[in-house]
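This is what each chain is made of:
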Amino acid sequence: MMERPANVPATIVETDTVQIAREIATVAMEYRCSVHLIGRAGTGKSTALWHVARELGGSYCEVSQATKSTKGLFELLLDSIGRRTGKKYLSDIADEVYYYFQPRETVSEEGWTYTPRLLVVDEVQTLEASAFRELLRVQEKCEVALVLAGNAERLAGRAKDANTWEQIESRISIQRPLPGPSRRDCDLIGSAYNVEGKDAYAALAAFGMRTNLRDLTKLLQFAAGLTGGTGIRLKHLEDALRLRKPKSDVLKLLRTVAA
Ligand SMILES: Nc1ncnc2c1ncn2[C@@H]1O[C@H](COP(=O)(O)OP(=O)(O)O)[C@@H](O)[C@H]1O
Ligand SMILES: [Mg+2]
């Protein structure tokens, strides 16, 4: 079982991002291609993709400063499928990657079938250009269903190689920008946190649509602590917001836009 990153909640609601992530991962499996989900921080990419990867029998990993090189990335890929490599040289590690990421063979009455591997690589904007190219090569050679995610920020050191990025981008089959939180997303998360009252839902949606799911969830966690165990009402949201950001005009964030 894949380890769940700290920022990914154990239970989730079906936000628009979750639905898009599932749809796009299914397309990647069907066509054995690469897709790139692009969205700002807090749109719920990591949460959605971790759960979708698990649901569809794939693996998930997140690039960090420690794994942005080709070697680091390859070790990360192997780790995501529970293979800790004992190899030291890049070429040996690469051989293992190409071996383990081949399509899985299964035999049935109709004979052998090949199921592609579903692989999610999150925070791809952190990758070095050369590592990114190697990842796309693995995808092409092994016909991996590759789902990439990250924000719109481009590769490290992009100033000197805008062309490099364009070339990399052109090799990715599908690019899909993610929307910010919708009214429906805010309502779903609100009800998971036991929010009560029309006014509270309206304020929550106003806040979520101005910020992102991360800020929205933080606000709800804080508000839940102020209720003493009852549902979250508008007053709790206001108090939570004032405590979190003691600025005179902070309540503006909860105000609904006049129709
Ligand atoms: N589908 C969801 N269900 C419940 N909470 C969610 C969901 N999506 C996001 N969140 C909340 O928002 C926070 C930020 O989401 P995250 O997936 O880390 O965003 P991103 O990867 O786009 O920066 C999460 O830690 C979680 O608390
Ligand atoms: Mg993330």
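To start, this report covers the structure provided alongside it. (Residues numbered from 1 in each chain as written. Chains lettered and ligands numbered in written order. Predicted model: local features only at pLDDT ≥ 70, side-chain atom pairs only at ≥ 80, totals over all residues. Heavy atoms only, no water.)

**Re the packing of aromatic side chains**
Cut-off, in case you're wondering: Stacked, edge-to-face and tilted labels apply to pairs of Phe, Tyr and Trp rings (six-membered ring for Trp) whose centres lie within 6.5 Å, assigned for plane angles under 30 degrees, over 60, and everything in between, in that order. For the exposure calls, accessible area comes from a 1.4 Å probe over protein chains only, and a residue counts as buried if that area is under 20% of its type's maximum, exposed if over 50%, partly exposed in between.
This model, assessed by the stated rule, comprises 2 aromatic pairs. With centroids separated by 5.0 Å and ring planes inclined at 80°, the aromatic side chains of Y99 and Y100 adopt a geometry described as edge-to-face. The exposed category is assigned to Y99, whose relative accessible area is 53%. Note on Y100: relative accessible area 22%, which makes it partly exposed.

**Considerations on the pairing of strand β4 (residues 111-115)**
This is how the line gets drawn: Should DSSP find at least two bridges between two strands, the strands are taken to pair. Secondary structure elements follow DSSP: runs of H or I of four or more residues count as helices, runs of E of two or more count as strands, with numbering from the N terminus.
Relative to β4, strand β3 (residues 104-108) runs antiparallel, the two sharing 5 bridges. The residue bridging S108 from the neighbouring strand is G111, located in β4. Once β3 ends, the chain turns through 2 residues before running back antiparallel as β4.

**Side note on the site of ligand 1**
Where we set the bar: Here a residue is considered near a molecule or strand provided that any single heavy atom belonging to it is located within 4 Å of it. The term polar contact refers here to a pair of N or O atoms within 3.5 Å; inside protein, the definition further demands a hydrogen-donor-capable atom paired with an acceptor-capable atom, and it admits residues adjacent in sequence only when both atoms are side-chain atoms. Only the protein chains shown count as cover for residues, and all accessible areas are computed by the Shrake-Rupley method using a 1.4 Å probe.
Neighbouring ligand 1 are 17 residues, the closest being N7, G42, K45, S46 and T47. Interatomic distance of 2.9 Å between a backbone N/O atom of V13 and a nitrogen atom of ligand 1. Within the side chain of S46, an N or O atom sits 2.8 Å from an oxygen atom of ligand 1. Relative to its unbound accessible surface of 550 Å², ligand 1 loses 90% to contact with the protein. Looking at the shell around ligand 1, the elements that each hand over two or more residues are α2 (45-55) and α9 (213-224).

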